[in-house]
Structures are given as C-alpha cells and as structure tokens.
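# Overview (structure and organization)
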Amino acid sequence: MRDELYQQTILEHNRNPRNFRKLEGATHVAEGYNPLCGDHLWVYVKVNPVGTIEDAAFEGSGCAISKASASMMTASLKGKSIAEAKVLFEEFHKLVIGELKPDEHSNHLGKLTVFSGIWQYPARVKCASLSWHTMHGALEKAKTVSTE
Ligand code: ZN
C-alpha cells in the first residue's frame with residue numbers, strides 16, 4: 001500500500017512539480033549536485049524580516065525522485081520559520097536513512113512520510129535528500145552543496 005502511494009506521489013510530482021521556477025527576490029539561494037545520479041538543482045528561499053519562509057522554489061534537472069522531493073519540500077516550507085525548516089530537515093534526513101519510523105516516532109513530516117521506505121535503496125536516498133541538503137545549505141549561506 002505504502003509503495004503504491006510512493007510511486008503515485010513521485011510520478012504525480014514529477015509530472016507536475018510545484019514551485020518549479022526561479023524565485024525573484026529570494027533571500028537564500030544554493031546550488032545542489034548529486035554526482036551519483038546527475039541531479040542538479042537550485043533551491044530558492046525567501047525569508048521575510050520576521051524570519052518566516054514566505055516562498056520557496058527550485059529549478060534544474062534531475063531524476064523523478066529528486067524533482068518530486070524538491071516539489072514536496074518547497075510546498076512544505078511555506079509559512080514555516082527557519083527553525084521549523086531546520087527541524088523538518090533533520091526529521092527528513094532521519095526518515096530517508098531509516099532512523100525515523102513515522103509510525104513510532106512523533107514528527108512534523110506529514111505527506112513527506114511517503115519517502116519512509118527509501119532507506120532500502122541507498123543510491124536513491126541521495127536523490128531524495130538533495131533538495132533538502134541544498135535548502136539547508138542556502139539557509140546556512142553555502143553557495144554549492146554536493147551530496148559527496
Ligand atoms: Zn536522482
């Protein structure tokens with residue numbers, strides 16, 4: 001059941017990615033590269049003066065998993081504080097490496113738990129986490145993030 005939901009979600013977001021555009025007025029930008037798969041993304045975040053993420057977007061090219069993950073991430077970041085975004089980053093990281101079990105551990109991941117089975121495919125973990133590492137790098141003012 002969960003595998004089917006995963007497949008459908010990846011396909012749907014790959015076909016129709018949310019926030020797939022350059023974000024004018026972004027306050028934080030970083031470039032992310034996953035040499036194992038060739039995924040190459042830019043992540044844009046616009047933080048307002050009180051520290052809330054007003055908008056997030058991405059562009060670039062990559063496999064279906066990396067695009068779907070970036071699509072879902074940008075959608076989930078809007079309205080969050082930077083601190084909340086960093087919590088989500090930590091939780092998503094633990095999810096994709098199999099340390100966080102959404103049924104057992106409380107978390108804020110919501111729909112993002114669709115990636116909970118991906119730890120079984122180590123080569124795909126980097127595809128799913130690329131946009132998140134890039135977003136985290138952008139908030140930390142890194143210009144380029146590589147998964148290696
Ligand atoms: Zn990939």
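Reference entry: report on the structure contained in this document. (Residues numbered from 1 in each chain as written. Predicted model: local features only at pLDDT ≥ 70, side-chain atom pairs only at ≥ 80, totals over all residues. Heavy atoms only, no water.)

## Description of the coordination of the zinc ion
All of the protein donors around the zinc ion are C37 (SG), D39 (OD), D39 (OD), C63 (SG) and C127 (SG); their distances to the metal are 2.2 to 2.6 Å. Positions of the donor residues of the zinc ion along the chain correspond to the pattern C-x1-D-x23-C-x63-C. Taken together, the residues span a long stretch of sequence, with D39 in strand β2 (residues 39–47) and C63 in the loop between β3 (53–61) and α2 (64–77) at a distance of 24 residues. Summarising the burial analysis for this pair, D39 and C63 share the class buried. (Donors = N, O, S within 2.8 Å, 3.2 Å for Na, K, Ca; no water. Helix = DSSP H or I, 4+ residues; strand = E, 2+ residues; numbered from the N terminus. Buried < 20%, exposed > 50% of the residue type's maximum accessible area, 1.4 Å probe, protein only.)

## Regarding the nonpolar core
I65, F92, F115, I118, W132 and M135 are the most contacted members of the largest nonpolar core, which has 35 residues in total. It is helix α4 (residues 122–139) that contributes the most residues to this core, 7 residues altogether. (Core = buried A, V, L, I, M, F, W, Y, C linked by side-chain atoms within 4.5 Å.)

## Here we look at α4
In a regular helix each residue adds 1.5 Å, so 18 residues correspond to 26 Å; α4 covers 26 Å between its end C-alpha atoms and thus fits that length. Its axis deflected by about 45° at S129, α4 carries its strongest bend there. Here α4 lies mainly inside the structure; 13 of its 18 residues are buried. K141 occupies a position one or two residues after α4 and carries a positive phi of about 70°. (Expected span 1.5 Å × (residues − 1). Bend = angle between axes of the 7 residues up to and from the residue.)

## As for the pairing of β3
Regular strands have side chains that alternate between both faces of the sheet. As paired strands, β2 and β3 are joined by 8 bridges and run antiparallel to one another. Considered in β3, the bridge of W42 is made with E59. Linking two consecutive strands that pair antiparallel, namely β2 and β3, is a turn of 5 residues; a positive phi of about 90° is found at G51 within it. (Pairing = 2+ DSSP bridges.)

## Regarding the packing of aromatic side chains
Where two aromatic rings form a pair, the distance of their centres and the angle of their planes describe that pair. Counted by the stated rule, this structure contains 4 aromatic pairs. Centroid distance Y6 to F115: 6.1 Å. Interplanar angle 80°. Geometry classified as edge-to-face. Of this pair, Y6 sits in helix α1 (residues 2–15) while F115 sits in the loop between α3 (82–96) and α4; the two residues are 109 residues apart in sequence, bridging distant segments of the chain. Note on Y6: relative accessible area 16%, which makes it buried. According to the relative accessible area criterion, F115 is buried, its value standing at 0%. (Phe/Tyr/Trp six-rings, centres within 6.5 Å; stacked < 30°, edge-to-face > 60°.)

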